[in-house]
Amino acid sequence: QVQLVESGGGLVQAGGSLRLSCAASGRTFNNYNMGWFRQAPGKERDFLSEISVSGSSTRYADSVKGRFTISRDNAKNTVYLQMNGLQPEDTAVYLCAVSRAWSSQSRHYDYWGQGTQVTVSS
């Protein structure tokens with residue numbers, strides 16, 4: 001079992017930056033790929049980025065490529081999402097998740113955090 005807790009969300013002006021963190025419990029963190037998703041009210045959950053078990057491979061959605069950077073520190077059982085150039089359309093609840101498969105599909109992710117709110121003002 002893996003428990004995930006996101007943090008680092010908040011209110012930021014357009015063009016600003018935030019760094020989200022996702023802390024995992026237990027000793028199984030290093031056996032999972034990690035992903036970030038977001039969901040706005042009334043909309044579907046969208047894939048943002050994922051990183052492989054070792055951290056050697058990453059993948060990004062086109063909407064955030066060049067603005068967001070995913071990383072992980074296995075010694076700290078933590079994955080990060082550095083978000084630069086934030087825009088109002090980035091406003092959503094951001095969630096981290098883990099998967100044993102290398103996939104951008106939410107259905108392949110096994111465990112999810114509770115989410116952290118990111119709000120970007122114009």
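So, a few notes on the structure that sits alongside this text. Since this is a predicted model, take the numbers as computed values, not measurements.

### Some thoughts on the side chain of serine 52
Inference 1: Its place among the elements puts serine 52 in the loop between strand S5 (46–51) and strand S6 (58–60).
Inference 2: For serine 52, the side chain forms a polar contact with the main-chain nitrogen of serine 56, separated by 3.3 Å.
Inference 3: In contact with serine 52, other than residues within four places in its own chain, are Asn33, Ser57, Arg72 and Trp102.

### A few points about unusual backbone geometry
Inference 1: Phi angles above zero are rare outside glycine, and asparagine 77 is one such case at about 55°.
Inference 2: Of note, asparagine 77 is situated in the loop between strand S7 (68–73) and strand S8 (78–83).
Inference 3: On the basis of relative accessibility, which here comes to 22%, the residue asparagine 77 falls in the partly exposed class.

### Examining the nonpolar core
Inference 1: The biggest cluster of nonpolar side chains holds 32 residues, and the ones touching the most others in it are Leu4, Trp36, Leu81, Met83 and Tyr94.
Inference 2: Listing elements by their share of this core, those giving two or more residues are strand S3 (18–24), strand S4 (33–39), S5, S7, S8, strand S9 (92–99) and strand S11 (116–121).
Inference 3: When residues of this core are assigned to their parent elements, the largest contribution, 5 residues, is made by S9.
Inference 4: If sequence neighbours within four positions are ignored, leucine 81 has contacts with Leu18, Arg19, Leu20, Trp36, Leu48, Ser49, Phe68, Thr69, Ile70 and Tyr94.

### Remarks on the sheet that holds S8
Through backbone hydrogen bonds, the strands of a sheet pair up, either in parallel or in antiparallel fashion.
Inference 1: A sheet is described by the order of its strands in space; here 4 strands give the open sequence S1-S3-S8-S7, paired in antiparallel fashion. In this open sheet, the two strands that pair with only one neighbour each are strand S1 (4–7) and S7. Sheet twist, expressed as the mean angle between neighbouring strand axes with direction ignored, is 15°.
Inference 2: Pairing between S1 and S3: 4 bridges, direction antiparallel. Within S3, the residue paired with leucine 4 across the bridge is alanine 24.

### Quick word on the pattern of salt bridges
Inference 1: Inspection of the entire model under this criterion finds 4 salt bridges.
Inference 2: For lysine 65, the salt bridge identified is with aspartate 62, shortest N-O distance 3.4 Å. Residues lysine 65 and aspartate 62 agree in their burial class; the two are exposed.
Inference 3: Ionic pairing is found between arginine 67 and aspartate 90, a salt bridge with its closest N-O pair at 2.8 Å. With arginine 67 in the loop between S6 and S7 and aspartate 90 in the loop between S8 and S9, this residue pair connects regions lying 23 residues apart in the sequence.
Inference 4: A residue is classified by how much of its surface remains accessible, and aspartate 90, at 1% relative accessible area, is buried.
Inference 5: Salt bridges here are not isolated pairs; linked through shared partners, they connect Arg38, Arg67 and Asp90.

Parameters at a glance
Residues numbered from 1 in each chain as written. Predicted model: local features only at pLDDT ≥ 70, side-chain atom pairs only at ≥ 80, totals over all residues. Heavy atoms only, no water. Helix = DSSP H or I, 4+ residues; strand = E, 2+ residues; numbered from the N terminus. Polar contact = N/O pair within 3.5 Å; in protein donor to acceptor, adjacent residues only side chain to side chain. Contact = heavy atoms within 4.5 Å. Buried < 20%, exposed > 50% of the residue type's maximum accessible area, 1.4 Å probe, protein only. Core = buried A, V, L, I, M, F, W, Y, C linked by side-chain atoms within 4.5 Å. Pairing = 2+ DSSP bridges. Axes fitted to C-alpha atoms, helices over the stretch in contact; angles between N-to-C directions. Salt bridge = Lys/Arg side-chain N within 4 Å of Asp/Glu carboxyl O.

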